[in-house]
Amino acid sequence: MEKFVSAEGELKILSQIDGWKQKVELWLLNDKTNNNNWRYENLAEHMRLFAQTPILVAYVGNRVGDGHNFEETKDSDGNVIASFMSATAERIVGYFQSESDIRMEVRDGKEWIVGYGYIWKWYAQELVAKLTKQGREGMSISIETLIDEMHMDGTTEVFTKYQILGTTILGDDVAPAVTDANIRALSTLGADGVRRLTVRVASLNEQQNNPQTKNKKGVKANTMRFKELTEQFKGFTVLAEDGKNVALLSDNGALVMSSAEKNGEEIVVGAKTEVNPVASFVNGDITLEVSLDKIIEKFNAKIAALEQENAKVTEEKETVTASLKAMQTAETERRKNEIKKVVAERIATINANRDVKISSNACDELLTDECLDSYAEMVDKDGKWIGDIAARKDVDAKCMEEIIASEAQRCNAKKSHYAWDVAKNNDESKADAGVYASIENILK
């Protein structure tokens, strides 16, 4: 059985060799189930297979790094094969030289295959420049494997026998299958040529800054879980550990070193000693070490200045907000008083030319708190207040209702009755008789 699959690891720059080759360190495969629900087993038995395999990268336009770019074509016999002839296909830029460059390490509870590789700088100058520039932020890598034997563990595919085809440096927007798998750029540190490598690993549940620890032949690193250490060091945040020593940050900000070793099922904690760590500034082969206290002091001064500035801005904002609120309250009150005035003046105007006056309480329902608030908030599309105009229209409508009612009542009271009106209720002969009778009375 053959199956092609990919797994992700991480890579970091080490140093140049003769100016033509860039040495890199790659964290290739680990023994945990990855994001694709695959798991590689028997890592130690397969690590030597990385020797003499290529390191590849794809270029898309001016972008350095993409995915496993190739095309499927058919050979003369009709077999489907992978073709790497397109402009965006991945190309070989380096390799793993020998089995001696491959080793096993344990980090964060995971067993890894780790190897030194070499990138031909002359042919991949843009790639090396990007790795150097990105530094510890890094890039992801993916390992292409050909699976010979596998089985299912629930829904997980477990690979027990496989071949190593190559290692591809991925693009920035290509998500790795292995959490925290990436490529990080470091350099040679110190005038004596001794390399000091720093690995930063971040996850949602753990905060770590672990110095790299190399295993002696036949010995595995004893990496303890951060959760266990956190339970042992109450009042401290665990920053890093190497299986024996622990770097801590106390709740009051002190940096402390201690030890924590397993003794059967128990963890034996050593004395806590305050330390003054250093930060390394690296640029190519140049390294400067600075006391962390100096950096923290500068940051604290900057934070204090920002806090002071923030307090001032907050105070000014609160003053402006209070002033604006007072102005808004005053304007609302002015508008309400204007509404009351508009209602009273409009009723007076209507009553000026009338014998029967509109009652003074005819528009009281327009002067409730709810109505006044509504009028005070009325604005047009340009934000201009129009509550007074709306109130005046509502007064006219209310007064017209009362005027119509009073006029109807007055007309009914003064209505005249004439003899000929009898015709509305009687037949024509009776109407004529009524008219004649009226005329006779007048003549008498």
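Only a predicted model underlies this, so the values are computations on that prediction, with no experimental measurement involved.

## Regarding the overall build of the chain
- Looking only at helices and strands, the chain features seven helices and 21 strands.
- Residue burial in the chain is summarised as follows: out of 444 residues, 36% are buried.
- Contacts in the chain between residues far apart in sequence, at least 24 positions, make up 60% of those at least 6 positions apart.
- In the structure as shown, the chain presents an accessible area of about 27,700 Å², 51% of it carried by carbon and sulfur atoms.

## Here we look at the packing of aromatic side chains
- Taken as a whole, this structure holds nine aromatic pairs when the rule is applied.
- Ring centres of Trp27 and Trp112 lie 5.8 Å apart, and the angle between their planes is 80°; this geometry places the pair in the edge-to-face category. Here Trp27, found in strand E2 (residues 21-30), pairs with Trp112, found in strand E11 (residues 110-120); they are 85 residues apart in sequence, far enough to count as distant.
- For Trp27, a relative accessible area of 1% puts it in the buried group.
- Residue Trp112 is classed as buried on the basis of its relative accessible area of 2%.
- Members of the aromatic cluster, connected to one another through ring pairs, are Trp38, Tyr40, Phe159 and Tyr162.
- Here Lys21 stacks its cationic end above the ring of Tyr118, 5.2 Å away from the centre of that ring.
- Sitting over the ring of Tyr116, Arg103 keeps its end group 5.0 Å from the ring centre.

## Details of the pattern of salt bridges
- Inspection of the entire model under this criterion finds ten salt bridges.
- Of the charged contacts, one joins Glu41 and Arg39 as a salt bridge, the two residues approaching to 3.4 Å between their closest N and O atoms.
- Assessed through its relative accessible area of 27%, Glu41 is described here as partly exposed.
- Its relative accessible area of 15% is what places Arg39 among the buried residues.
- When the shortest N-O distance is used, the salt bridge between Glu331 and Arg334 registers 2.9 Å. Note that Glu331 and Arg334 are positioned in helix H4 (residues 292-351) at a spacing of three residues, about one turn of the helix.
- Using a relative accessible area of 40% as the deciding quantity, one classes Arg334 as partly exposed.

## Digging into the nonpolar core
- Core analysis: the biggest nonpolar cluster contains 30 residues, and Phe50, Ile119 and Leu127 have the highest contact counts within it.
- Elements with a minimum of two residues in this core: E2, strand E3 (38-40), strand E4 (54-57), strand E10 (102-107), E11, helix H2 (125-134), strand E12 (140-153) and strand E13 (156-169).
- Setting aside anything within four residues of it in sequence, one finds Ile119 in contact with Trp20, Lys21, Gln22, Val24, Val93, Gly94, Ala124, Leu127, Val128, Leu131 and Ile169.
- In this structure, Ile350, Leu372, Tyr375 and Ala391 belong to the second largest nonpolar core, which totals 16 residues.

## Digging into the confidence of the model for the chain
- With 75% of its residues at a pLDDT of 70 or more, the chain has an overall mean of 76.
- Counted against residues more than four places away or in other chains, residues 177-224, with its pLDDT under 50, gives 145 contacts.

## As for the side chain of Asp388
- Within the secondary structure, Asp388 sits in helix H6 (residues 387-413).
- Beyond its immediate chain neighbours, meaning those up to four positions away, Asp388 contacts Ile339 and Val342.

## Structural notes on H4
- In a regular helix each residue adds 1.5 Å, so 60 residues correspond to 88 Å; H4 covers 87 Å between its end C-alpha atoms and thus fits that length.
- Burial in H4 covers these residues: Ile295, Arg335, Lys336, Ile339, Val342, Val343, Ile347, Ile350 and Asn351.

## Side note on the side chain of Asp101
- Summarising the element assignment, Asp101 is placed in the loop between strand E9 (91-95) and E10.
- Although buried, Asp101 forms no salt bridge, and the nearest oppositely charged side chain, Lys23, lies 5.6 Å from it.
- In this structure Asp101 touches Val114, Gly115, Tyr116 and Tyr118, once residues within four positions along its chain are discounted.

## So, helix H5 (residues 369-377)
- Turning to H5, its buried residues are Leu372, Tyr375 and Ala376. Along the long axis of H5, the arc covered by the buried residues comes to 100°, so they all point the same way. Residues of H5 that are exposed and point over 90 degrees away from its buried face: Glu370 and Glu377.

## A look at the pairing of strand E16 (residues 245-250)
- Of the two faces of E16, the one holding Val246, Leu248 and Ser250 is buried and the one holding Asn245, Ala247 and Leu249 is not buried anywhere.
- Two strands pair when backbone bridges link them, and strand E15 (residues 236-241) and E16 are joined in this way by five bridges, in the antiparallel orientation. Bridge pairing links Glu241 to Val246 in E16.
- Note that E16 and strand E17 (residues 255-263) share five bridges and pair antiparallel. Across the sheet, residue Asn245 finds its bridge partner in E17, namely Ser259.

## So, the packing of H4 against H5
- Following both chains from N to C, one finds H4 and H5 inclined at 110°, their axes separated by 9 Å at the closest point. When the axis of H4 is compared with that of H5, the two are roughly perpendicular. Considering how the two elements wind past one another, H4 and H5 form a crossing that is right-handed. Along its contact with H4, which presents Thr332, Arg335, Lys336, Ile339 and Lys340, the element H5 presents Leu372, Asp373, Tyr375 and Ala376.
- Broken down by class, the residue content of the contact of H4 with H5 amounts to four nonpolar, one polar and four charged.

Reading the values: the criteria
- Residues numbered from 1 in each chain as written.
- Predicted model: local features only at pLDDT ≥ 70, side-chain atom pairs only at ≥ 80, totals over all residues.
- Heavy atoms only, no water.
- Helix = DSSP H or I, 4+ residues; strand = E, 2+ residues; numbered from the N terminus.
- Buried < 20%, exposed > 50% of the residue type's maximum accessible area, 1.4 Å probe, protein only.
- Contact = heavy atoms within 4.5 Å.
- Areas by Shrake-Rupley, 256 points an atom, 1.4 Å probe, with all protein chains shown as cover.
- Phe/Tyr/Trp six-rings, centres within 6.5 Å; stacked < 30°, edge-to-face > 60°.
- Lys NZ or Arg CZ within 6 Å of the ring centre and 35° of its normal.
- Salt bridge = Lys/Arg side-chain N within 4 Å of Asp/Glu carboxyl O.
- Core = buried A, V, L, I, M, F, W, Y, C linked by side-chain atoms within 4.5 Å.
- pLDDT = per-residue confidence, 0-100.
- Expected span 1.5 Å × (residues − 1).
- Lys, Arg positive; Asp, Glu negative; His and termini not counted.
- Arc of directions from axis to C-beta.
- Pairing = 2+ DSSP bridges.
- Axes fitted to C-alpha atoms, helices over the stretch in contact; angles between N-to-C directions.
- Parallel < 35°, antiparallel > 145°, perpendicular 65-115°, else oblique.
- Left-handed = near helix turned anticlockwise from the far one by under 90°.
- Nonpolar A, V, L, I, M, F, W, Y, C, P; charged D, E, K, R; others polar.

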